Every structure is written in structure tokens, then in C-alpha cells.
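Observations on chain architecture
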Amino acid sequence: MSESSQSEPVGVILAVDPGRFAEVTEAVRRAGLNVTGEQPMLGTLSGTIAEDRIPALEEVAGVAAVDRDRTIHLPPPDSPIQ
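Analysis parameters
- Residues numbered from 1 in each chain as written.
- Predicted model: local features only at pLDDT ≥ 70, side-chain atom pairs only at ≥ 80, totals over all residues.
- Heavy atoms only, no water.
- Helix = DSSP H or I, 4+ residues; strand = E, 2+ residues; numbered from the N terminus.
- Buried < 20%, exposed > 50% of the residue type's maximum accessible area, 1.4 Å probe, protein only.
- Contact = heavy atoms within 4.5 Å.
- Pairing = 2+ DSSP bridges.
- Core = buried A, V, L, I, M, F, W, Y, C linked by side-chain atoms within 4.5 Å.
- Salt bridge = Lys/Arg side-chain N within 4 Å of Asp/Glu carboxyl O.

1. Considerations on the overall build of the protein
- Within the protein one finds two helices and four strands.
- Scanning the protein from its N terminus toward the C terminus, one meets helices and strands in the order β-α-β-β-α-β.
- Per-residue burial over the protein gives 32% buried out of 82 residues.
- Counting contacts in the protein only where the partners sit at least 6 residues apart, residues at least 24 apart contribute 62% of the total.

If you want it as C-alpha cells, here you go:
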């Protein structure tokens, strides 16, 4: 078994061609992306994928950019953490 097959999943956000959204979505799924969010009007997809598979996403026609998901979770206003 190769080392790359044990890569941990990471969150990613993809900028895709909105005119080819459905086609690109299916192609990135075949490349290994577990799609967790679709925003066709904005041309973005979010999901998780093994880190070593990110280059496969970048190769899909219609994918303009692949970035790590850097979502920040803020505490609610009444939280003791300020």
C-alpha cells in the first residue's frame, strides 16, 4: 500500500466556471472530491479530499483555483471568550 493512499482529508474551496458547473462538479467528484457545498451562481464548490489528490482537482478543465478552506468559527457574542 502506498503512503499517498493514507493522506488525511482536507477542506478545499474551488472556483469553477459557472457555465460548466454541473460538468465540473461531476469531474471533481470523479477526481476524489467529497462535495459538501455547491454555489452554482457564485461558481464555487466546497468539499474534502485527500491532500495528495489536490493536484488532480487542479487538472480538471473548468477549475480556476483550488484553495484550502480557511473557515473561521467565531464564538457567539455572549461567550466568555472575547
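2. Focus on the pairing of strand β2 (residues 34-39)
- Two strands pair when backbone bridges link them, and β2 and strand β3 (residues 44-50) are joined in this way by five bridges, in the antiparallel orientation. Bridging across to β3, Q39 finds its partner in T44.
- Count of turn residues in the β2/β3 antiparallel hairpin: four residues, of which G43 carries a positive phi of about 70°.

3. Considering the nonpolar core
- If you look at the biggest cluster of nonpolar residues, it comprises 19 residues, and the most contacted ones within it are V12, L14, V28, L33, L57 and V63.
- Secondary structure elements with two or more residues in this core: β1 (9-16), α1 (21-30), β3, α2 (54-58) and β4 (63-68).
- Excluding residues within four positions of it along the chain, V12 makes contact with L33, L45, S46, G47, I49, I54, L57, V66, D67, R68 and D69.

4. Focus: the pattern of salt bridges
- If you walk through the whole model with that rule in mind, you get four salt bridges.
- Between R20 and E23 there is a salt bridge, with its nearest N and O atoms 2.9 Å apart.
- Look at R20 and you get partly exposed, because its relative accessible area is 27%.
- Here R29 makes a salt bridge to E26, at a shortest N to O gap of 3.2 Å. Here E26 and R29 lie together in helix α1, a separation of three residues that amounts to about one turn.
- The class of R29 is partly exposed, set by a relative accessible area of 36%.
- Residue classification places E26 among the partly exposed residues on the basis of a relative accessible area of 39%.
- If you follow the salt bridges from partner to partner, you end up with E26, R29 and E38 in one network.

In short, the description is geometric, and any link to function would need to be established separately.
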